[in-house]
Amino acid sequence: MSRIKNKKLLISLIIICVLIILIILNILIKENKRKNTNIENQKAIEQENQEQEEGELLEELKSVSESERIKIYISKYFKYIENKDYNSAYELLYPEFRNNYFPTIEDYEKYIEEQDYPGLLTIDYNDIYMQGEYYIVTVKIGDMITRSETTKIEKQLIIQENGYNDYYISVKM
């Protein structure tokens, strides 16, 4: 009799353990689905925000003068450099220029590091003119903190604009 009672007790314990495991698995699966849904929603929101920002930028570019538009492009390029987002800056380079001077992103990063740009950049636009289909821009790059005129780096940039917010940059070497 005692053996039968022990067997029934053991079977009951096994059933209870299996039920607890099933409940825990169900909770974990629901939590995982909730997390995946949150990640998908977050990605959708980020995509929507990016599209909205691009739309706003496009409207701004359409409403400003050519020289202001070119300044926006150059500012974006140097903002990437300032933030050490070299991949994004590299992608803005004219493909042929990029292939000739910086075949790899590492070559480009080395070039940027050699320029010894300050941590916070200021850009003074000295000259903007068109030559054929290209905008030639001379800028002086300085340190926003020291604001020293003697430490400014002068660069000449060539911008090829294919359409609003569709452009390439080259640097006179």
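Residues numbered from 1 in each chain as written. Predicted model: local features only at pLDDT ≥ 70, side-chain atom pairs only at ≥ 80, totals over all residues. Heavy atoms only, no water.

### Focus on the overall build of the chain
Logical step 1: Helix and strand counts for the chain come out as five helices and four strands.
Logical step 2: For the chain, the C-alpha radius of gyration of 30 Å lies well beyond 16 Å, the compact-globule estimate for 173 residues.
Logical step 3: Taking the principal axes of its C-alpha atoms as reference, the chain extends roughly 105 × 35 × 35 Å.
Logical step 4: Within the chain, buried positions represent 25% of all 173 residues.
Logical step 5: Pairs at least 24 residues apart make up 47% of the contacts formed inside the chain by residues separated by at least 6 positions.
Logical step 6: Element-wise, carbon and sulfur atoms account for 53% of the exposed surface of the chain, whose accessible area totals about 12300 Å². (Helix = DSSP H or I, 4+ residues; strand = E, 2+ residues; numbered from the N terminus. Rg over C-alpha atoms; globule rule 2.2 N^0.38 Å. Buried < 20%, exposed > 50% of the residue type's maximum accessible area, 1.4 Å probe, protein only. Contact = heavy atoms within 4.5 Å. Areas by Shrake-Rupley, 256 points an atom, 1.4 Å probe, with all protein chains shown as cover.)

### Section: the packing of aromatic side chains
Logical step 1: What the rule picks out here adds up to 10 aromatic pairs.
Logical step 2: Centroid distance Tyr-90 to Tyr-108: 5.5 Å. Interplanar angle 50 degrees. Geometry classified as tilted. Of the two residues, Tyr-90 is situated in helix H3 (residues 86-92) and Tyr-108 in helix H5 (residues 105-115); the sequence distance between them amounts to 18 residues. Pair check on accessibility: Tyr-90 and Tyr-108 agree, each one buried.
Logical step 3: Here the aromatic rings of Tyr-94 and Tyr-168 are separated by 5.8 Å at their centres, their planes lie at 85 degrees, and the arrangement is edge-to-face. Note that Tyr-94 is positioned in the loop between H3 and helix H4 (95-101) and Tyr-168 in strand E4 (residues 166-171), a separation of 74 residues in sequence.
Logical step 4: The exposure class assigned to Tyr-94 is partly exposed, which follows from its relative accessible area of 28%.
Logical step 5: Put simply, the rings of Tyr-90, Phe-97, Tyr-101, Phe-102, Tyr-108 and Tyr-111 touch in pairs and so form one group of aromatic residues.
Logical step 6: Between Arg-98 and the ring centre of Tyr-90, over which it is positioned, the NZ or CZ distance is 5.3 Å. (Phe/Tyr/Trp six-rings, centres within 6.5 Å; stacked < 30°, edge-to-face > 60°. Lys NZ or Arg CZ within 6 Å of the ring centre and 35° of its normal.)

### Quick notes on the sheet that holds strand E3 (residues 153-163)
Logical step 1: Read across the open sheet, the four strands follow the order E1-E2-E3-E4; overall the sheet is antiparallel. Strands with a single pairing partner mark the edges of an open sheet, and in this sheet they are strand E1 (121-131) and E4. In this sheet, adjacent strand axes meet at a mean angle of 30 degrees when their direction is disregarded.
Logical step 2: As judged from the 10 bridges shared by E1 and strand E2 (residues 134-143), these two strands associate in the antiparallel manner. If you follow Tyr-129 over to E2, its bridge partner there is Ile-136.
Logical step 3: Contacting E1, E2, E3 and E4, helix H2 (residues 66-82) crosses the sheet at an angle of about 135 degrees to E1. (Pairing = 2+ DSSP bridges. Axes fitted to C-alpha atoms, helices over the stretch in contact; angles between N-to-C directions.)

### Here's the deal with the pattern of salt bridges
Logical step 1: Tallying each qualifying case throughout the model produces three salt bridges.
Logical step 2: Glu-161 is the salt-bridge partner of Arg-69, the closest N and O atoms lying 2.6 Å from each other. Separated by 92 residues along the polypeptide, Arg-69 in helix H2 and Glu-161 in strand E3 bring together distant segments of the chain.
Logical step 3: Arg-69 gets classed as buried once you look at its relative accessible area, which sits at 7%.
Logical step 4: On the basis of relative accessibility, which here comes to 19%, the residue Glu-161 falls in the buried class. (Salt bridge = Lys/Arg side-chain N within 4 Å of Asp/Glu carboxyl O.)

### Here's the deal with the nonpolar core
Logical step 1: In this structure, Tyr-77, Phe-78, Ile-81, Tyr-108, Ile-112 and Ile-159 are the most contacted members of the largest nonpolar core, which totals 29 residues.
Logical step 2: Looking at this core, the elements with two or more residues in it are H2, H3, H5, E2, E3 and E4.
Logical step 3: Ranked by residue count, the leading element in this core is H2, at six residues.
Logical step 4: Those residues in contact with Tyr-77, other than ones at most four positions away along the chain, are Ala-89, Leu-92, Leu-93, Tyr-108, Ile-112, Ile-169 and Val-171. (Core = buried A, V, L, I, M, F, W, Y, C linked by side-chain atoms within 4.5 Å.)

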